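# Summary of structural features
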Amino acid sequence: MSDQERRIATKTRSLRKYEGDPQAFVPVEGTPAIDLLSPFGPMIARTSVPQALTDALNHFADRMERPGEFLIPPNIMTAGGDASLRHLIEAAVSRYAEVLENKKPARIHIDVAWIICQPAATPSPAHFHSCDVSGILYLSLPPGIDDEEQTARTYISGRKAGYINFIHGDRQRFSRSLVSFKPSIGVLYLFPGWLLHVAEPFLGPGERRSLSFNAIVGE
Ligand SMILES: [Fe+2]
């Protein structure tokens, strides 16, 4: 290992302690039980949607100009009745809000929903959304997302290439301020609209295709 590689490895190790672990609550076999409680801070929910829905959305997106970003029209939002994108998002957001506020919300309004098709080397800079609850659903992923070697090569202080990274709070001892989830097709993340998030560009062939939405939660 060269001096430079050693410096990078040391820096990476020292920064890792500020990263959240998506598996933090999974007990490690053979070790004494220890519960890590994290009662503060923004809550991120993870659920999934049926493959029929991601197939339909991909069919729609395939016909659009790529790379690019385009709004989802009302007929696509409501196609499928009870299994429609609109219905599934409203149900998931309602459940999320009910769990976190101990009260079923009076109404859920999806302000806007859109699909983003990104080729390699396209960054998605840190940003937040103007809404109560936002979400991201993965529709298609580049093959390199499963390439651990590429992921390790493009690792930047916890922000892995092509992953979704949420950032909250400052660098503080015994506190995590960044969590990085590996995207998976059909998986939907819900989070407060104000929560900063970012996706690092990936390398190689393929497309990173995701759906985002802004939802307003009525009390
Ligand atoms: Fe976003």
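Residues numbered from 1 in each chain as written. Predicted model: local features only at pLDDT ≥ 70, side-chain atom pairs only at ≥ 80, totals over all residues.

## A look at the nonpolar core
- Counting 36 residues, the largest nonpolar core has Val93, Val133, Leu137, Leu190, Leu211 and Ala215 as its most contacted members.
- Only α2 (51–62), α4 (85–101), β3 (107–118), β5 (133–140), β6 (164–167), β8 (187–192) and β10 (208–218) provide two or more residues apiece to this core.
- Considering every element that reaches this core, the biggest residue donor is α4, with six residues.
- If near-sequence neighbours (up to four positions away) are discounted, Leu211 is found in contact with Leu57, Ala113, Ile115, Leu137 and Leu139. (Core = buried A, V, L, I, M, F, W, Y, C linked by C-beta atoms within 7 Å. Buried ≥ 20, exposed ≤ 12 C-beta atoms within 10 Å, placed from the backbone. Helix = DSSP H or I, 4+ residues; strand = E, 2+ residues; numbered from the N terminus. Contact = placed C-beta atoms within 7 Å.)

## Remarks on α4
- Between its terminal C-alpha atoms α4 stretches 24 Å, which fits the 24 Å expected from 17 residues at 1.5 Å a residue.
- Among the residues making up α4, those that are buried are Leu85, Ile89, Ala92, Val93, Tyr96 and Ala97. Take α4 and look down its axis: the buried residues cluster within an arc of 130°, on one side only.
- A positive backbone phi angle near 55° is found at Asn102, which sits one or two residues after α4. (Expected span 1.5 Å × (residues − 1). Arc of directions from axis to C-beta.)

## A word on the sheet that holds β6
- Reading across the sheet, the four strands line up as β4-β9-β6-β7 and stay open at both edges, with antiparallel pairing between neighbours. In the strand order of this sheet, the two ends are held by β4 (124–127) and β7 (178–181), each with one partner. Strand-to-strand twist across the sheet, computed as the mean angle between neighbouring axes with direction ignored, equals 15°.
- Summarising the sheet, β6 and strand β9 (residues 196–199) pair through four bridges and their orientation is antiparallel. Counterpart to Ile167 in the pairing with β9 is Leu196. (Pairing = 2+ DSSP bridges. Axes fitted to C-alpha atoms, helices over the stretch in contact; angles between N-to-C directions.)

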